[in-house]
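Coordinates in review
As a plain string of letters, each chain reads:
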Amino acid sequence: MLKDRPFTFINSAMSADGKISTKKRKQVKISGKTDFDRVDGLRAGSDAVMVGIGTVLADDPSLTVKSEERRRKRVESGLDENPVRIVVDSQARTPLDADIFKKGTGKRIIVVSRSAPADRVEALSKKAEILVAGECQVDLVEMAHGLKNREINRLMVEGGATLNWGMVRSGLVDEISVFVGNLIIGGKDAPTFMDGEGILEREEAIGLELKKFEPMDEGIVLTWRVK
Ligand SMILES: NC(=O)C1=CN([C@@H]2O[C@H](COP(=O)(O)OP(=O)(O)OC[C@H]3O[C@@H](n4cnc5c(N)ncnc54)[C@H](OP(=O)(O)O)[C@@H]3O)[C@@H](O)[C@H]2O)C=CC1
Ligand SMILES: Nc1nc(O)c(N)c(N[C@@H]2O[C@H](COP(=O)(O)O)[C@@H](O)[C@H]2O)n1
């Protein structure tokens, strides 16, 4: 299976109660300085960094490598300054003035479904490569094959809650790293590390093997292998 798709890992930052934002669903700083630097290293070491359209609309991330030194090293080894930036966006809703287009150099891919409005796809195709996968919603397995065919061998997923779940549920994730910060956010409407549909029975749970735990800033980074 793995040879048909990239090695894929999710990185996220959550509160001690598992929230990745507040109920306002806007970007919240959970990581400390050391963790943000660790995340930057993960980005720099990846072929591509991917988010869902919910994260683009909520956070407007640039997903660039922040360290000049890391960007320089990438260029020295024949890569673009930034990994390919990917948005999973069934209906081609990515704003044309999103920061992923405005900030940093390098390739962008917008993954749309076959039902995405043609005019939106046309407009986005001037800013990014368009990868079509799925009928009404992006088919993540088809997408993963498409990314592998584009020589994306190491894929970093940076959320949000819905895409994280979709990727894990589709059996497309090899590893998870999560920074757990020293705060509680609460709220039933605040996004958690994994939202989506969830499961009904314990037997359906996705098993993990703990690989590493590392105190960082005022929290801890947990690294898990997905069984
Ligand atoms: N603390 C952290 O580390 C991070 C926090 N966040 C936070 O997370 C929140 C955003 O999360 P969320 O709203 O869940 O949005 P996501 O970024 O997870 O995007 C979800 C959207 O992706 C699209 N999508 C397309 N195909 C699929 C598929 N097969 N499976 C799943 N999703 C698919 C859907 O929209 P469509 O049908 O239109 O395609 C879906 O609504 C924000 O509050 C943000 O601040 C985000 C990243 C990291
Ligand atoms: N690792 C991490 N820690 C946090 O505390 C965060 N809030 C996030 N958010 C993610 O980073 C994206 C922003 O990236 P840029 O700084 O714009 O490059 C954001 O969209 C989330 O995916 N991550």
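Quick notes on the rules
Residues numbered from 1 in each chain as written. Chains lettered and ligands numbered in written order. Predicted model: local features only at pLDDT ≥ 70, side-chain atom pairs only at ≥ 80, totals over all residues. UniProt positions renumbered as here; feature names shortened; annotations may be inferred. Helix = DSSP H or I, 4+ residues; strand = E, 2+ residues; numbered from the N terminus. Core = buried A, V, L, I, M, F, W, Y, C linked by C-beta atoms within 7 Å. Buried ≥ 20, exposed ≤ 12 C-beta atoms within 10 Å, placed from the backbone. Contact = placed C-beta atoms within 7 Å. Near = placed C-beta within 6 Å. Nonpolar A, V, L, I, M, F, W, Y, C, P; charged D, E, K, R; others polar.

The next thing to look at is the UniProt feature "domain: Bacterial bifunctional deaminase-reductase C-terminal" (unreviewed entry) in the protein chain. The feature "domain: Bacterial bifunctional deaminase-reductase C-terminal" (unreviewed entry), as annotated in UniProt, sits at residues 6–222 in this numbering. As annotated, residues 6–222 has a helix share of 27% and a strand share of 23%, and its two end C-alpha atoms lie 22 Å apart.

The biggest cluster of nonpolar side chains holds 50 residues, and the ones touching the most others in it are Ala-48, Met-50, Ile-86, Val-87, Ile-110 and Val-111. Setting aside residues no more than four positions away along its own chain, Val-111 makes contact with Ile-86, Val-87, Val-88, Asp-89, Leu-131, Ala-133, Val-138 and Met-143.

Taken together, 32 residues form the shell around ligand 1, and within it Gly-52, Gly-54, Gly-159, Gly-160 and Gly-166 come nearest. Looking at the shell around ligand 1, the elements that each hand over two or more residues are β1 (7–14), β2 (48–52), α2 (53–59) and α7 (161–169). Element by element, the count of residues in the shell around ligand 1 is highest for α2, at five residues. In the shell around ligand 1, the residues fall into 12 nonpolar, 13 polar and seven charged.

Once that is clear, we can look at unusual backbone geometry. Leaving glycine aside, a negative phi is the common case for residues, and trans is the common case for peptide bonds. Here the amide bond leading from Gly-159 into Gly-160 is cis, since omega sits at 0°, within 30 degrees of zero. One can find Gly-160 in the loop between β6 (154–157) and α7. Residues other than glycine seldom take positive phi values, yet Arg-25 does so here, at roughly 60°. Along the chain, the position of Arg-25 falls in the loop between β1 and α1 (33–44). For Arg-25, a count of 18 C-beta atoms within 10 Å corresponds to the partly exposed category. Phi at Glu-151 is positive, roughly 65°, even though this residue is not glycine. Residue placement: Glu-151 occurs in the loop between α6 (140–149) and β6.

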